[in-house]
Amino acid sequence: KKNGTNIEDKSKDAENDKKYTEKKKQAELEQAATHNSSLLKPYTAIEALIKTGYYMEARDLLEKRIQHNAQDTRSYVMLCMLFMDLDEVGTALEMARMASYLAPNEPFTNYLVAVIRQRHGDIAEARSASRWVYEKLSLLQEDLPVSLCEEITVKQLKEVVRAGL
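Residues numbered from 1 in each chain as written. Predicted model: local features only at pLDDT ≥ 70, side-chain atom pairs only at ≥ 80, totals over all residues. Heavy atoms only, no water.

**Student:** I'd like a description of the pattern of salt bridges, backed by residues and values.
**Tutor:** What the rule picks out here adds up to five salt bridges. Residue R59 is joined to E63 by a salt bridge in which the shortest nitrogen-to-oxygen separation is 3.1 Å. Here E63 and R59 lie together in helix α3 (residues 55-68), a separation of four residues that amounts to about one turn. Note that E142 and K158 form a salt bridge whose closest N and O atoms lie 3.1 Å from each other. Of this pair, E142 sits in the loop between α7 (123-138) and β1 (145-146) while K158 sits in helix α8 (residues 154-164), and the two are 16 residues apart along the sequence. In this structure K158 comes out as buried when scored by relative accessible area, which is 12%. (Salt bridge = Lys/Arg side-chain N within 4 Å of Asp/Glu carboxyl O. Helix = DSSP H or I, 4+ residues; strand = E, 2+ residues; numbered from the N terminus. Buried < 20%, exposed > 50% of the residue type's maximum accessible area, 1.4 Å probe, protein only.)

**Student:** Pulling in residues and values, what's your account of the confidence of the model for the protein?
**Tutor:** For the protein, per-residue confidence averages 85 on the pLDDT scale, and 76% of positions sit at 70 or higher. Low pLDDT, under 50, characterises residues 28-38; the predicted model gives this stretch two contacts beyond four residues in sequence or across chains. (pLDDT = per-residue confidence, 0-100. Contact = heavy atoms within 4.5 Å.)

**Student:** Run through the side chain of T73, naming residues and quoting values.
**Tutor:** Mapped onto the elements of the fold, T73 is located in helix α4 (residues 73-85). Under the relative-accessibility criterion, T73 is labelled buried at 12%. Once residues within four sequence positions are removed from consideration, T73 is found in contact with A99, L102, A103, T109 and L148.

**Student:** An account of the packing of helix α6 (residues 107-119) against α7 is needed here, citing residue identities and associated values.
**Tutor:** At a minimum axis separation of 8 Å, α6 and α7 run at an interaxial angle of 160°. Looking at the two axes, α6 sits roughly antiparallel to α7. Seen along the crossing, α6 lies across α7 with a hand that is left-handed. Contact residues: α6 offers P107, N110, Y111, A114, R117 and Q118, while α7 offers I123, E125, A126, A129, S130, W132, V133, K136 and L137. Counted by class, the contact of α6 with α7 contains nine nonpolar, three polar and three charged residues. (Axes fitted to C-alpha atoms, helices over the stretch in contact; angles between N-to-C directions. Parallel < 35°, antiparallel > 145°, perpendicular 65-115°, else oblique. Left-handed = near helix turned anticlockwise from the far one by under 90°. Nonpolar A, V, L, I, M, F, W, Y, C, P; charged D, E, K, R; others polar.)

Shown next, in the form of structure tokens:
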């Protein structure tokens, strides 16, 4: 009986240790998630950095957002526009392609690809992509803001695309 009690006690101790370890891991994960989220600056703050010329700071913050969430399409779009401002066409195209991959039916991501292809001298590809973007925009309500670029409306982007065709 004494041995049986010791085995039961050891079993309960092991079970309690396991529960404690699981709770501790869960608490650490929650703390890390909260800490990481608090490190992420809002997009408006990052946009302000870009508009005032603090490109490297904005780039670092956007890359942190992507490290936190690799599916963050808006961060790829913002990085693309940042690299276009810096005339780093190759890197801008890479960011635009990633955004387009993550959001293949979004007109703005594909518009960025078209603009960069045109800058790169790939006029036929740029026109093809622009036509697709124009068709997608034609299906949307014109007074709505463009998804992933809310400062312009569907009508405004449609006019820009049409002028490029």
